[in-house]
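In case you want the letters, here they are:
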Amino acid sequence: MAVHLFVPHFSVEECLEEVRACLERGWTGAGYKTLEFEAEWCRQTGLAHAHFLNSATAGLHLALEVLKRRLGWAAGDEVISTPLTFVSTNHAILHAGLRPVMADVDRFLCLDPDAVAARLSPRTRAVMFVGFGGTAGRYAAVRDLCRARGIALILDAAHMAGTRLDGAHVGHDADAAVFSFHAVKNLPTGDSGAVCFAQGVDDAAARRLSWLGIDKDTYARTQSDATYRWRYDVADTGFKYHGNSIMAAIALVQLRHLERDNARRRQLAARYRARLAEDPRVTLQPEAPDCVPSGHLFPIRVDRRDDLMAWLNAREVYPGVHYRDNTEYPMYADQAGHCPAARAASLSLISLPLHLGLDEATVDHVAGLVRQGLDAVGAAPAVAS
Ligand SMILES: *Cc1c(COP(=O)(O)O)cnc(C)c1O
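None of these values were measured; they are calculated from a predicted model.

Some thoughts on the overall build of the protein chain
- Helices and strands together make up the secondary structure of the protein chain, namely 13 helices and 17 strands.
- Its C-alpha atoms give the protein chain a radius of gyration of 22 Å, near enough to 21 Å, the size a compact globule of 385 residues would have.
- By sequence separation, contacts in the protein chain at least 24 residues apart represent 73% of the contacts at least 6 residues apart.
- Accessible surface computed for the protein chain: about 16,300 Å², of which carbon and sulfur atoms make up 53%.
- The distance from the centre of the 41 positive side-chain charges to the centre of the 45 negative ones in the protein chain is 2 Å.

With respect to the site of the ligand
- In the vicinity of the ligand, 17 residues are found, and the nearest of them are Thr57, Asp156, His159, Ser180 and Lys185.
- Asp156 places a side-chain nitrogen or oxygen 2.8 Å from a nitrogen atom of the ligand.
- Here an oxygen atom of the ligand sits 3.0 Å away from a polar atom, N or O, in the side chain of Lys185.
- Considered class by class, the residues forming the shell around the ligand number six nonpolar, nine polar and two charged.

As for the side chain of Ser245
- Within the fold, Ser245 resides in helix 9 (residues 245-256).
- Within the structure, the side chain of Ser245 is placed 2.7 Å from the backbone oxygen of Gly29, a separation counted as a polar contact.
- There is a polar contact of 2.7 Å between the side chain of Ser245 and the backbone oxygen of Gly31.
- Residue contacts for Ser245: discarding those within four places in its chain leaves Cys22, Trp27, Thr28, Gly29, Gly31, Tyr32, Lys33 and Thr34.

With respect to the pairing of strand 6 (residues 152-156)
- In terms of burial, strand 6 is a largely internal element, five of the five residues being buried.
- The pairing of strand 5 (residues 124-130) with strand 6 spans five bridges and is parallel. Opposite Ala126, over in strand 6, you have Ala152 as the bridge partner.
- Considered for its hand, the β-α-β crossover made up of strand 5, helix 6 (residues 139-149) and strand 6 is right-handed.
- Across three bridges, the pairing between strand 6 and strand 9 (residues 176-180) is parallel. Along strand 9, the bridge assignment pairs Ile154 with Ala176.

Overview of the sheet that holds strand 4 (residues 99-102)
- Reading across from one edge, 2-10-9-6-5-3-4 is the order of the seven strands in this open sheet, with mixed pairing throughout. The open sheet terminates on both sides in strands that have one partner only, identified here as strand 2 (51-53) and strand 4. Between one strand and the next, the sheet's axes are offset by a mean angle of 25°, whatever the strand orientation.
- Bridge count for strand 3 (residues 78-81) against strand 5 is three bridges, and the pairing is parallel. Across the sheet, the residue bridging to Ile80 is Val127, located in strand 5.
- The sheet contacts of helix 2 (residues 33-45) involve strand 2, strand 9 and strand 10 (193-197), and relative to strand 2 the element is tilted by about 125°.

Here we look at the sheet that holds strand 15 (residues 298-301)
- On the basis of which strands lie adjacent, the open sheet formed by three strands has the order 13-15-17 and antiparallel pairing. The open sheet has two edge strands, strand 13 (283-284) and strand 17 (349-352), and neither has a second partner.
- Here two bridges tie strand 13 to strand 15, and the two strands are oriented antiparallel to one another. Bridge pairing in strand 15 links Thr283 to Arg301.
- In the packing of helix 12 (residues 340-348) onto the sheet, the strands contacted are strand 15 and strand 17, and the crossing angle to strand 17 comes to about 50°.

Re the pattern of salt bridges
- In the structure shown here, the tally under the stated rule is 30 salt bridges.
- One salt bridge connects Arg70 with Asp202, and the closest N-O pair in it is separated by 2.7 Å. With Arg70 in helix 3 (residues 56-71) and Asp202 in helix 7 (residues 200-209), this residue pair connects regions lying 132 residues apart in the sequence.
- A relative accessible area of 2% places Asp202 in the buried class.
- In this structure, Arg281 and Asp375 form a salt bridge, with 2.6 Å as the shortest nitrogen-oxygen distance. Placement of the pair is Arg281 in the loop between helix 10 (258-276) and strand 13 and Asp375 in helix 13 (residues 360-377), with a sequence separation of 94 residues.
- Take Arg281: its relative accessible area is 13%, and that puts it in the buried class.
- Judged by its relative accessible area of 54%, Asp375 falls in the exposed class.
- One connected set of salt bridges, linked through shared partners, spans Glu14, Glu18, Lys33, Glu36 and Arg256.

Re helix 6
- Among all positions of helix 6, only Tyr139, Val142, Arg143, Leu145 and Cys146 are buried. Within helix 6, the buried residues cover an arc of 160° as seen down the axis, which keeps them to one side. Structural note: helix 6 exposes Arg147 and Ala148 on the side pointing more than 90 degrees away from its buried face.
- On its buried face, helix 6 sits against helix 5 (113-118), strand 5, strand 6 and strand 7 (164-165).
- One or two positions beyond helix 6, positive phi appears at Gly150, with a value near 70°.

Topic: the state of the cysteines
- Counted by the stated rule, this structure contains zero disulfides.
- Sulfur of Cys15: no disulfide; nearest cysteine sulfur belongs to Cys22 and is 11 Å away.
- The thiol of Cys339 is not disulfide-bonded; the next cysteine sulfur, from Cys110, is found 14 Å away.
- For Cys339, a relative accessible area of 7% corresponds to the buried category.

Definitions and limits used
- Here the residue numbers are simple positions, counted from 1 along each chain's written sequence.
- Per-residue local features are limited, in this predicted model, to residues with pLDDT of at least 70; the limit for side-chain atom pairs, both in listing and counting, is 80 or more; totals at the level of whole chains, interfaces and linings are taken over all residues.
- Side-chain measures here rest on the full set of heavy atoms in the structure, leaving out hydrogens and waters.
- Secondary structure is summarised from DSSP: a helix means a run of H or I of at least four residues, a strand means a run of E of at least two, and numbering begins at the N terminus for each.
- In this setup the radius of gyration rests on C-alpha atoms only. A globule is expected at 2.2 Å times the number of residues raised to 0.38.
- Contact definition: two residues touch when any of their heavy atoms are within 4.5 Å.
- In this description, accessible areas are obtained by the Shrake-Rupley approach with a 1.4 Å probe, and a residue is regarded as covered only by the protein chains that are shown.
- Positive residues here are Lys and Arg, negative ones are Asp and Glu, while His and the chain termini are left out of the count.
- Charge placement uses NZ in Lys and CZ in Arg. For Asp and Glu, CG and CD serve respectively.
- Residues are classed as near a molecule or strand on a simple rule: at least one heavy atom within 4 Å of it.
- Here a polar contact is recorded for every N or O atom pair within 3.5 Å, except that within protein the pair must consist of a potential hydrogen donor and a potential acceptor, and residues adjacent in sequence are included only if both atoms are side-chain atoms.
- Amino acids are sorted into nonpolar (Ala, Val, Leu, Ile, Met, Phe, Trp, Tyr, Cys and Pro), charged (Asp, Glu, Lys and Arg) and polar (every other residue, Gly among them).
- Residue exposure (1.4 Å probe, protein chains only): buried if accessible area is under 20% of the type maximum, exposed if over 50%, otherwise partly exposed.
- Two strands form a pair only when DSSP identifies at least two bridges running between them.
- Looking down the strands as they point away from the viewer, one classifies a crossover as right-handed if the path from the first strand across the helix to the second runs clockwise.
- Here the axes come from fitting lines to C-alpha atoms, over the contacting stretch only for helices, and the angles between their N-to-C directions go from 0 to 180 degrees.
- A carboxyl oxygen of Asp or Glu within 4 Å of a side-chain nitrogen of Lys or Arg is what we treat as a salt bridge.
- This arc is built from the directions going out from the helix axis to the C-beta atoms.
- Criterion for a disulfide: a pair of cysteine sulfur atoms at a distance within 2.5 Å.

By themselves, these are just geometric observations and shouldn't be taken as functional.
See below:
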């Protein structure tokens, strides 16, 4: 039987019940379930604010727009980012009219604090930290560096729904943390996300910008006359980024099961670890100190990656690659050459299948095939990373 990288799991009956409530009420848009989800997400994570959106991509852009406006950043100001990420991270920087500056990753596959320090300039305004695969890497050191220099910190937490660091859910100590609830992430809906700001003013600004700059609250304050309920002010151009109640209904259900689901992912990951740790040809992503990861990805690094991938595909095992070094894309080619570790990782990484449809026997099967495949393609032992 084919083994796929990701297979979303939904609590179908529970989801249908929540969605039914939206349809029967005749309210599928923003408000209602989106507000319920925001409140429940904040309650469960301890984050101060959350604004439910149609994607994490929208959230990353919105985070930068909001901070840029409040802090007075200029076009072309710099944001330090990683080349080892989904393109959303870096596109968001360009969408905000800012300049991505790539810094290298460490053995956790997250931004290396020393590499970040080396790429600071007088125009650095923010750092975009990606919690690769759900780990926090050396996030705390990057946070401290940002604080010491007065630089904003945005956590791309697309992989991190449920990740804990030092006992708390991640995101509370960033200026903004952005989560993805895309179907293949740890809290799958159809497609949605959330931006979680530390400050209430930023959350309020995001709410205005996420619906075309329409400022209903301001209007409500100045016009109590019910005759003018249909009127609103438009204070900004804004975007069409807000989430809807159908997605939020599904998110509410999935959130109930997030802890259980992530615990299961970690169990499966531990099983892979046990099966592969002894193989000198396999480099595992180290576990970050004080971090309970969400268990979004199970990345390994191997020699002859492309050959191994083809060998596994021929046996109906379909791993993924997270990620191609973004500086290989024409969009970001101007940043090439600064990140040798990310480049090397991008040539050797494979994400093994990890989802709730797997059982122990399938993990053993995949791990066994990986080792056989490494024999077959003649992979060399890993050099120390
Ligand atoms: C999936 C992902 C995103 C984008 O999430 P969407 O909700 O699909 O927009 C951003 N960053 C990273 C690292 C991701 O993996």
